[in-house]
Number of protein chains: 2
Amino acid sequence: MQHEHFRRHGKDIIDWITEYMENGYEGAVFPKTTPGEVLAQLPAHPPQEAEPPEQVFADFESLILPHTTHWNDPRFFAYFPANHSGPGILGDLLSAGLGVNAMSWVTSPAATELEMRMIDWLGEMLGLPWKGCIQDTASSATFCAMLAAREQAADVNQEGFYGQQPMTVYASEHAHSSMQKAVWMAGFGERYLRLVPGETDDFAMNAEALAEMIEQDIAQGFRPVFVMSTVGTTSSTAIDPLHAIADLCEKHGLWHHVDAALAGAAAILPEQRWILDGTERADSFCFNPHKWMFTNFDCSVLMVKDPNALKKALAINPEYLKAGQDAVVENFRDWGIQLGRRFRALKLWYVIRCFGVAGLQEKIRTHLAMTQWFAAQVKQDPRFQLLTEPKLNTVCFHCDSDALSQALLKAINDSGQAYLSHTVLRGRYVIRVAFGQIHGTQQHAENLWRLVGECYAAMAKPD
Amino acid sequence: MQHEHFRRHGKDIIDWITEYMENGYEGAVFPKTTPGEVLAQLPAHPPQEAEPPEQVFADFESLILPHTTHWNDPRFFAYFPANHSGPGILGDLLSAGLGVNAMSWVTSPAATELEMRMIDWLGEMLGLPWKGCIQDTASSATFCAMLAAREQAADVNQEGFYGQQPMTVYASEHAHSSMQKAVWMAGFGERYLRLVPGETDDFAMNAEALAEMIEQDIAQGFRPVFVMSTVGTTSSTAIDPLHAIADLCEKHGLWHHVDAALAGAAAILPEQRWILDGTERADSFCFNPHKWMFTNFDCSVLMVKDPNALKKALAINPEYLKAGQDAVVENFRDWGIQLGRRFRALKLWYVIRCFGVAGLQEKIRTHLAMTQWFAAQVKQDPRFQLLTEPKLNTVCFHCDSDALSQALLKAINDSGQAYLSHTVLRGRYVIRVAFGQIHGTQQHAENLWRLVGECYAAMAKPD
């Protein structure tokens, strides 16, 4: 491809993205795709000769776009958001153009130091002035925190687990599934993972149950090493009692990791900062700017009280990576799983500066207001039950029966006009509505509420 | 930021990238940055109010660019390349604009199915028709392969390592450092990692030594579970003897992983396909299109003979991720560490189609020729010793003494006109020159050779 061809088509894509952000996608937000449908239309063999990028883009429009779940569409209320934004895309584009590998300071001094400064900024915004780094996802961040806890307890890196006193780890039954996966990967064994019951009213971790589990494990000769608290669980955005959990961690010498993957962004609002109260007593903390802080996926931030504890678990130094430097700067390869690392700080820089802290706060406040508005509609409607008062961005509700809830969700998603997901709580099939879309406004909340009513009414009608 | 502002500045960045690709960077390829120098110039506090993106870009030009190691500059010969390309940037940009999370089929049918098809294409290009997925880096791919091996041998995911017969793992002493890190992370313990000596002539793994180590471990009551072969080691692109290693793996029931992170790309040339001979007898294989196949970082491909063995190690399925689908398609979250995944297949689609297989082959052939040319210059020059005949893209050479080699490397890098890295082999400090830069031509190889001569001559001169 000639450079001028890149320039021309690059600008075409910029135009397309601008339209996509401004006007949204005209088709279904959740596609009615049959498994294998796209695959069948993609050539089985790679092309021998070069094709123009316009041809690839034409296929993108005709084949990819209609079979895509539109995560950044304001009609997307499923899971949690994975927000892009204008500034995020610009920073990401510049990073792709530069193509730097930010593994070590020496391979990318500016990338490393900008990443350090972005963590400082986030620390100030969140009131948690720790050091940290950018990871890809909270899955990786949780895993790294768990490895730090493991190595604090025993030298598994060198000796393995053999002959050790079995180590136990703890999280709420509502904690994210990446906790379970981290337990698998790190070699703890799931039988040593304790899922602590949630409270019956708001699904927060029951700290008394945690205390009992720890005591029991100690009595049985196990060694408790790690607790993950969640601020904003995936199912219902429950907030675990950080101080009560911190008391137990301090008492028994456990590593305390706070997973606020979604919710952390809300803590940049002074009136929401309380959700992180107690985090300062923890050992590590994670939140994802790629969720609710409009920084293109992937961008997860892991912060730690004692960086050396993390580096002890993850720092290796082969000859071909050696290069002299002061202790002033970091080699972020020593803070995570991967050696190679993209220059992600650039998009964070664009986002924080082009929104400004006030701009970010305003967006999140709007989303919180939309959530409250939607919950109020559900509450006053006799056809639906609100499961719990939403503290953050997610409304959980259900119909009189699971079958009805399930049918309603299907009808909404099949309409193509909204995409919601579900969970199971208190044994019930529950519909989740997650707000926080970059392009979402109060109007979209109202549209969704109207759609819910229409789909419900259509189901009630005889065929 | 208004949409029109995004459009305008987006096009400015496209213009900048076009110039950067076409004309390169006028400053030093390797910056003379003092640790902390950038940090000191970055504001300590985040801005409260929004700033225009042009302001961020101006700071990028004045503060980031001069302190960046220019990985995509044709004067960069360090480590291995991390190549971007016009098509790769376009695909990446489109992916950022779309903002899809490709964790499950249901969250992104087109992204999942395009990823499956891209693996088919690569399988055909490499003559290895396996299933696979896109990972971020070879670090992650190696780790996942190792977990698959671990779970094939014992149910560590559920039971942990306690009470197990200790499991041993093997790789060449010249294998990538991510092997060691994977051993740490997966809980094997480094004392159960065996680094097999390399041959003295070409640094390939000594298969007889491997056979002895395995026998010894079995005799001692250990359980050998995993061997990683390397095709193209980091230090000198040595190629381990895959068939001899496969014989041992088959005999003893070990998982055999082939790490061809850099070199895999070369196997798309018919005349270079031999480097992967024997891979068909392995269990898993990894190569990085982000290195030498011009697909923006990050994009590493992990292929496996039996996908179920990998999924057994990594698939979990919580309620909020459940969604019905056929067995026709994959949920790639079950193939790796992270739940969240970017839509990376898009950039691979752009790259393979806009280069065409023939176009990719031509680029790589040029790089191989540059390597041979450079090695020939070294060989005929009495000031330098060529360490070993280069089989791929990397020339390793040294001066008469380590001190001289070290000083020469420093002089070259300090010139700002080239960036090389080093390694230690046979106890010698060795200068590495890695070719394979997307924008690199024979002219750049010649410029480098001239620079080497000039720097050497300048050192020899009395002050």
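Residues numbered from 1 in each chain as written. Chains lettered and ligands numbered in written order. Predicted model: local features only at pLDDT ≥ 70, side-chain atom pairs only at ≥ 80, totals over all residues. Heavy atoms only, no water.

### Things to note about the overall build of chain A
Now for step 1: Within chain A one finds 15 helices and eleven strands.
Now for step 2: Its C-alpha atoms give chain A a radius of gyration of 24 Å, near enough to 23 Å, the size a compact globule of 463 residues would have.
Now for step 3: When its C-alpha atoms are laid out on the principal axes, chain A stretches across 65 × 60 × 45 Å.
Now for step 4: Here chain A holds 463 residues, and the buried ones make up 69% of them.
Now for step 5: Within chain A, residue pairs in contact and separated by at least 24 positions form 74% of the contacts whose partners lie at least 6 positions apart. (Helix = DSSP H or I, 4+ residues; strand = E, 2+ residues; numbered from the N terminus. Rg over C-alpha atoms; globule rule 2.2 N^0.38 Å. Buried < 20%, exposed > 50% of the residue type's maximum accessible area, 1.4 Å probe, protein only. Contact = heavy atoms within 4.5 Å.)

### Thoughts on the environment of H5 of chain B
Residue and element names in this part refer to chain B.
Now for step 1: Along the chain, the position of H5 falls in helix α1 (residues 3-23).
Now for step 2: The spacing of H5 and E54 is 49 residues in sequence and 9.7 Å in space, taken between C-alpha atoms.
Now for step 3: Other than its neighbours up to four places away in sequence, H5 contacts P52, P53 and E54.
Now for step 4: In terms of polar contacts, H5 uses its side chain to reach the side chain of E54, at 2.9 Å. (Polar contact = N/O pair within 3.5 Å; in protein donor to acceptor, adjacent residues only side chain to side chain.)

### Some thoughts on a negative patch on the surface
Now for step 1: A grouping of E199, D201, E208 and E212 of chain A is seen on the molecular surface, where their side chains present a negatively charged patch.
Now for step 2: With respect to the helices, strands and loops of the structure, E212 of chain A is situated in helix α9 (residues 207-219). (Patch = residues over 30% accessible without salt bridge, like charges linked within 9 Å, V, L, I, M, F, W, Y side chains within 5 Å. Areas by Shrake-Rupley, 256 points an atom, 1.4 Å probe, with all protein chains shown as cover. Salt bridge = Lys/Arg side-chain N within 4 Å of Asp/Glu carboxyl O. Lys, Arg positive; Asp, Glu negative; His and termini not counted. Charge placed at Lys NZ, Arg CZ, Asp CG, Glu CD.)

### What about the relation of the copies chain A and chain B?
Now for step 1: Aligned on chain B, chain A shows an RMSD of 0.0 Å; the corresponding rotation is 180 degrees and the shift along the axis is 0.0 Å. On this basis, the relationship between the two copies can be described by a two-fold rotation axis.
Now for step 2: Interface overlap between copies: 100% of the residues of chain A at the interface are likewise at the interface in chain B, consistent with a symmetric, same-surface contact. (Least-squares fit on C-alpha atoms with pLDDT ≥ 70 in both.)

### As for unusual backbone geometry
Residue and element names in this part refer to chain A.
Now for step 1: Here the amide bond leading from F297 into D298 is cis, since omega sits at 5 degrees, within 30 degrees of zero.
Now for step 2: Turning to its location among the elements, D298 is positioned in the loop between α11 (289-292) and β7 (300-304).
Now for step 3: Look at F203: it is not a glycine, yet its phi comes out positive at around 70 degrees.
Now for step 4: Relative to the elements of secondary structure, F203 occurs in the loop between β3 (193-196) and α9.
Now for step 5: A positive phi angle is found at T237, which is not glycine, with a value near 50 degrees.
Now for step 6: In this structure, T237 sits in the loop between β4 (223-230) and α10 (242-252).
Now for step 7: The class of T237 is buried, set by a relative accessible area of 1%.

### Quick word on the sheet that holds strand β2 (residues 167-172) of chain A
Residue and element names in this part refer to chain A.
Now for step 1: Across the sheet, seven strands lie side by side as β1-β7-β6-β5-β4-β2-β3; this open sheet has mixed pairing. The outermost strands of the open sheet, each flanked by one partner alone, are β1 (131-135) and β3. When strand polarity is set aside, the average angle formed by the axes of neighbouring strands in this sheet is 20 degrees.
Now for step 2: The pairing of β1 with β7 spans five bridges and is antiparallel. Bridge pairing links C133 to L302 in β7.
Now for step 3: Relative to the sheet, helix α5 (residues 109-126) contacts β1, β6 (284-287) and β7, its axis offset from that of β1 by approximately 110 degrees. (Pairing = 2+ DSSP bridges. Axes fitted to C-alpha atoms, helices over the stretch in contact; angles between N-to-C directions.)

### Describing helix α14 (residues 402-414) of chain B
All names here are of chain B.
Now for step 1: With 13 residues, α14 should reach 18 Å at 1.5 Å per residue; the first-to-last C-alpha distance of 18 Å fits that figure.
Now for step 2: Those residues of α14 lying buried are S405, L408, L409, I412 and N413. The buried residues of α14 all sit within an arc of 125 degrees when viewed along its axis, so they share a single face. Residues of α14 that are exposed and point more than 90 degrees away from the buried face comprise A403 and K410.
Now for step 3: Buried residues along α14 sit against β9 (394-398), β10 (421-425), β11 (428-434) and α15 (442-460). (Expected span 1.5 Å × (residues − 1). Arc of directions from axis to C-beta.)

### Some details on the interface of chain A and chain B
Now for step 1: Between chain A and chain B, the contact holds 160 residues from the first and 161 residues from the second.
Now for step 2: Summing the contributions of chain A and of chain B, the shared interface buries around 13800 Å²; its carbon and sulfur component is 65%.
Now for step 3: E19 of chain B is paired through a salt bridge with R7 of chain A; the nearest N and O atoms lie 3.0 Å apart.
Now for step 4: Linking chain A with chain B are 76 residue pairs in polar contact (both at pLDDT 80 or more), by the criterion used here.
Now for step 5: Of the residues forming the side of chain A that touches chain B, the biggest block, 17 residues, is contributed by helix α1 (residues 3-23) of chain A.
Now for step 6: Taken together, the residues of the side of chain A that touches chain B sort by class into 83 nonpolar, 47 polar and 30 charged. (Buried area = accessible area lost by both parts, 1.4 Å probe. Nonpolar A, V, L, I, M, F, W, Y, C, P; charged D, E, K, R; others polar.)

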